[in-house]
Amino acid sequence: MVIRVAHVGTGNVGRLALTGLVSNPAFELTGVCVSSPEKVGEDAGTLAGIELSTGVAAVGDLDEVLATKPDCVVYCAMGDTRLPEAMADCMRILTAGVNVVGSAPGLLMYPWGVMPDKYIVRVEEAAQQGNSSIFINGVDPGFTNDLIPFALAGTCQRIEQVRCMEIADYATYDGSTVMFDVMGFGKPLDEVPMLLQPGVLGIAWGAAIRQLAAGLGIELDKITESYEREPAPEAFDIAAGHIPKGGLAALRFEICGVIGDRPVIVVEHVTRLRGDFRPDWAQPAQPGGSYRVEITGEPSYAVDICPTSRNGDHNYAAILAAAGRIVNAIPAVVAAEPGIRTTLDLPLVTGRGLCVNG
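Remember, it's a predicted structure, so these values are computed and weren't measured experimentally.

Visitor: Help me out: how do you make sense of the confidence of the model for the protein in this one?
Guide: Low-pLDDT stretches of the model should not have their predicted coordinates read in fine detail. Mean pLDDT over the protein works out to 95, with 98% of the residues at or above the 70 mark. This model gives residues 354-358 a pLDDT under 50, and the stretch forms zero contacts once residues within four places in sequence are excluded.

As structure tokens, then:
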């Protein structure tokens, strides 16, 4: 049975998720909502970057999209800099009786122990009122912090530590809001950007760490965070804009789930804007970038995940993976019980069908 799906947000993740929707016969696209006035009226195929007229024109009003009566909304609007608005949007969709899958708001990936209970209750109440469910995921935070470590952990007799790493050159990533406003690239090192404000790293990846802990059956005492930064030795340009001399050009951070004084779950990111910066930090398994899951235990593992694509580099492939994780989850989320759904309670989902003709 075809699932009626509407779409919100056509940025880096949203555009690729939209491509997955309009090219998959399992879904019927009912509407598209955009935030940029210049995109209003554009055909969904154009916004997805494909040569296909869908007959669905983008609108700028969420209510117009909900009026098309979809079974599910793919929500890929910006959540990093507009968390209250993203939360409100999702509750509005749930209350209307429509399921949600998406990349934001990231805290709903696994909000328990991360968000105040009163906000979780509001989301759950909206879902119960609409008999609807919501699933938020991606790549990191996302499947490299849940599906992959859970699969490996399922073979271990003993686990001492789980470490999930992203090691990537972001020079080709063109999301200027994330790069400059959130992560602070190009900014003087005496400025502390949004992501590095006290507590923000622990909130942003806290959902992934708390979910891993829950899946492993452990109770964390606390979550800690730390970071290192490296300035640019000279000025240069990247896809998102200009990096002046002395501006932030490489960033490494860790978020640790701790028991006693021992970090048992660690998320580590090493983000460079040029491959030669900080060679002493972890290096990717393929040129440009990769993910790594390390389990110390019996047995121990070190597994590198190297996303590639025929249509772009490592950054494009990682975003494509995030979009695929979201879109492929739609049937399971539509069939799920009402409420906040997570990787722990959804069945394993895969791509819809096998392409045998290339």
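Visitor: What is the right way to read the state of the cysteines from this model?
Guide: In a disulfide, the sulfur atoms of two cysteines are covalently bonded to one another. With the rule as written, the count across this model stands at zero disulfides. The thiol of C90 is not disulfide-bonded; the next cysteine sulfur, from C76, is found 10 Å away. A relative accessible area of 1% means that C90 is categorised as buried. Left unpaired, C156 is separated from the closest cysteine sulfur, that of C164, by 13 Å.

Visitor: Looking at this structure, I do not really get helix α9 (residues 206-216). What am I missing?
Guide: Buried within α9 we find G206, A207, A208, I209, Q211, L212 and A213. On its buried face, α9 is in contact with α6 (147-153), β7 (158-169), α8 (200-204), β8 (222-231), β11 (248-259) and β12 (262-272). Following α9 by one or two positions, G217 has its phi on the positive side, about 75°.

Visitor: Would you take a moment to explain the environment of W281 for this structure?
Guide: Structurally, the position occupied by W281 is in the loop between β12 and β13 (289-298). C-alpha of W281 to C-alpha of L251: the two residues are 30 residues apart in sequence and 9.8 Å apart in space.

Visitor: What is the right way to read the packing of helix α4 (residues 83-95) against helix α5 (residues 117-130) from this model?
Guide: Between two packed helices, the angle of one axis relative to the other and the distance separating the axes together describe the packing. Taken N-terminus to C-terminus, the directions of α4 and α5 make an angle of 25°; their axes are 7 Å apart at the nearest point. With respect to their mutual orientation, α4 and α5 come out roughly parallel. The segment α4 lies against α5, with M87, M91, L94 and T95 engaging R122, V123, A126, A127, Q129 and G130. Here the contact of α4 with α5 is composed, by residue class, of six nonpolar, three polar and one charged.

Definitions and cut-offs
- Residues numbered from 1 in each chain as written.
- Predicted model: local features only at pLDDT ≥ 70, side-chain atom pairs only at ≥ 80, totals over all residues.
- Heavy atoms only, no water.
- pLDDT = per-residue confidence, 0-100.
- Contact = heavy atoms within 4.5 Å.
- Disulfide = S-S within 2.5 Å.
- Buried < 20%, exposed > 50% of the residue type's maximum accessible area, 1.4 Å probe, protein only.
- Helix = DSSP H or I, 4+ residues; strand = E, 2+ residues; numbered from the N terminus.
- Axes fitted to C-alpha atoms, helices over the stretch in contact; angles between N-to-C directions.
- Parallel < 35°, antiparallel > 145°, perpendicular 65-115°, else oblique.
- Nonpolar A, V, L, I, M, F, W, Y, C, P; charged D, E, K, R; others polar.

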